[in-house]
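Each chain is listed here by its residues.
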Amino acid sequence: QVQMVESGGGSIQAGGSLRLSCVASGNIDSNYYMGWFRQAPGKEREGVAKISVGDGFTDYADSVSGRFTISRDSAENILYLQMNNLKPEDAAMYHCAADPRSWVILGHPDKVRYWGQGTQVTVST
């Protein structure tokens, strides 16, 4: 029943910024966790950022800590990923995700219950 649609990706120079959005619908309640994963060609999908729907606590992959910020508009049910100081290694298809299990978001893409379709980010030098 949950549906999520991402937007905001594009092509950008290294050092630039993008903000990704994920509009969610359906029953995502306070027991859920939401986050962002990314997948580059030839690589496994990896967790990027995580947020608790209930209390707003966040967590990040080491590779993006200090550069990316995850946030959520609870009233409109929109998940954001603010990406600053983008690097070539950040280039990937970015997907938003939702799951009621805390350990799944960020750490286990193979177990994620709900996915968005993805938005492409490319970074040039």
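In the block above lies the structure referred to throughout.
Residues numbered from 1 in each chain as written. Predicted model: local features only at pLDDT ≥ 70, side-chain atom pairs only at ≥ 80, totals over all residues. Heavy atoms only, no water.

**Side note on the nonpolar core**
Basically, it comes down to this: The set of buried Ala, Val, Leu, Ile, Met, Phe, Trp, Tyr and Cys residues whose side-chain atoms join them within 4.5 Å is what this entry labels a nonpolar core. Here's how the labels work: a residue is buried when its accessible area is under 20% of the maximum for its type, exposed when over 50%, partly exposed in between, all with a 1.4 Å probe on protein chains only. The numbering of helices and of strands both runs from the N terminus, where a helix is a DSSP run of H or I of at least 4 residues and a strand a run of E of at least 2.
Ranked by size, the top nonpolar core spans 29 residues in total, and within it Met34, Trp36, Leu81, Met83 and Tyr94 carry the most contacts. Breaking this core down by element, the ones donating at least two residues are strand S3 (18–25), strand S4 (33–39), strand S5 (46–52), strand S7 (68–73), strand S8 (78–83), strand S9 (92–99) and strand S11 (119–124).

**What about the environment of aspartate 110?**
Tracing the sequence through the fold places aspartate 110 in the loop between S9 and strand S10 (114–115). On the basis of relative accessibility, which here comes to 60%, the residue aspartate 110 falls in the exposed class. As a C-alpha pair, aspartate 110 and aspartate 29 span 81 residues in sequence and 22 Å in three-dimensional space.

**Focus on the state of the cysteines**
Where we set the bar: A pair of cysteine sulfur atoms is labelled a disulfide when the two atoms are within 2.5 Å.
Evaluation of the coordinates by the stated rule reveals one disulfide. One disulfide bridge connects cysteine 22 with cysteine 96, the sulfur atoms lying 2.1 Å from each other. With the S-S dihedral at roughly 55°, the linkage between cysteine 22 and cysteine 96 falls on the right-handed side. Of this pair, cysteine 22 sits in strand S3 while cysteine 96 sits in strand S9, and the two are 74 residues apart along the sequence. The buried category is assigned to cysteine 96, whose relative accessible area is 0%.

**As for the sheet that holds S3**
Paired through their backbone hydrogen bonds, the strands of a sheet run either parallel or antiparallel. As a reminder of what qualifies: Strand pairing is defined by DSSP finding a minimum of two bridges between the two strands. Lines fitted to C-alpha atoms define the axes, with helix axes restricted to the stretch in contact, and inter-axis angles between N-to-C directions lie between 0 and 180 degrees.
Pairing within the open sheet is antiparallel, and its four strands lie in the order S1-S3-S8-S7. The open sheet has two edge strands, strand S1 (3–7) and S7, and neither has a second partner. Across the sheet, the mean angle separating the axes of adjacent strands is 15° when strand polarity is ignored. Relative to S8, S7 runs antiparallel, the two being bridged by six bridges. Bridged to threonine 69 within S8 is glutamine 82.

**Details of the side chain of lysine 50**
The line we're drawing: Two residue types count as positive, namely Lys and Arg, and two as negative, namely Asp and Glu; His and chain ends fall outside the count. Criterion for a salt bridge: a side-chain nitrogen of Lys or Arg within 4 Å of a carboxyl oxygen of Asp or Glu. Under the rule applied, a polar contact is a pair of N or O atoms within 3.5 Å (in protein, one hydrogen donor and one hydrogen acceptor; residues adjacent in sequence only if both atoms are side-chain atoms). Every residue pair with non-hydrogen atoms within 4.5 Å of one another is taken to be in contact.
Within the secondary structure, lysine 50 is located in strand S5. Buried within the structure, lysine 50 lacks any salt-bridge partner; its nearest side chain of opposite charge belongs to aspartate 59, at an N-O separation of 5.5 Å. Among the polar contacts listed, one links the side chain of lysine 50 to the backbone oxygen of serine 102, at a separation of 2.7 Å. Excluding anything up to four places from it in sequence, lysine 50 contacts Tyr33, Met34, Gly35, Phe57, Thr58, Asp59, Ile70, Ser102, Trp103, Ile105 and Leu106.

**What about the packing of aromatic side chains?**
The description of an aromatic ring pair uses the distance of the two centres, along with the angle that the planes make with each other. Heads up, the rule is: The aromatic pairing rule takes the rings of Phe, Tyr and Trp, using the six-membered ring of Trp, and pairs them if the centres are within 6.5 Å, calling planes under 30 degrees apart stacked, those over 60 edge-to-face and the rest tilted.
In the structure shown here, the tally under the stated rule is two aromatic pairs. Here the aromatic rings of phenylalanine 37 and tryptophan 115 are separated by 5.2 Å at their centres, their planes lie at 70°, and the arrangement is edge-to-face. Within this pair, whereas phenylalanine 37 is found in strand S4, its partner tryptophan 115 is found in strand S10, the two being separated by 78 residues in sequence. For phenylalanine 37, a relative accessible area of 0% gives the class buried.

**Focus on the environment of serine 7**
Position of serine 7 among the secondary structure elements: in strand S1. Its relative accessible area of 39% is what places serine 7 among the partly exposed residues. Distance from serine 7 to valine 64, taken between C-alpha atoms, is 19 Å for residues 57 residues apart in sequence. Beyond its immediate chain neighbours, meaning those up to four positions away, serine 7 contacts Arg19, Leu20, Ser21 and Thr119.

No statement about biological role is implied by the geometric values presented.
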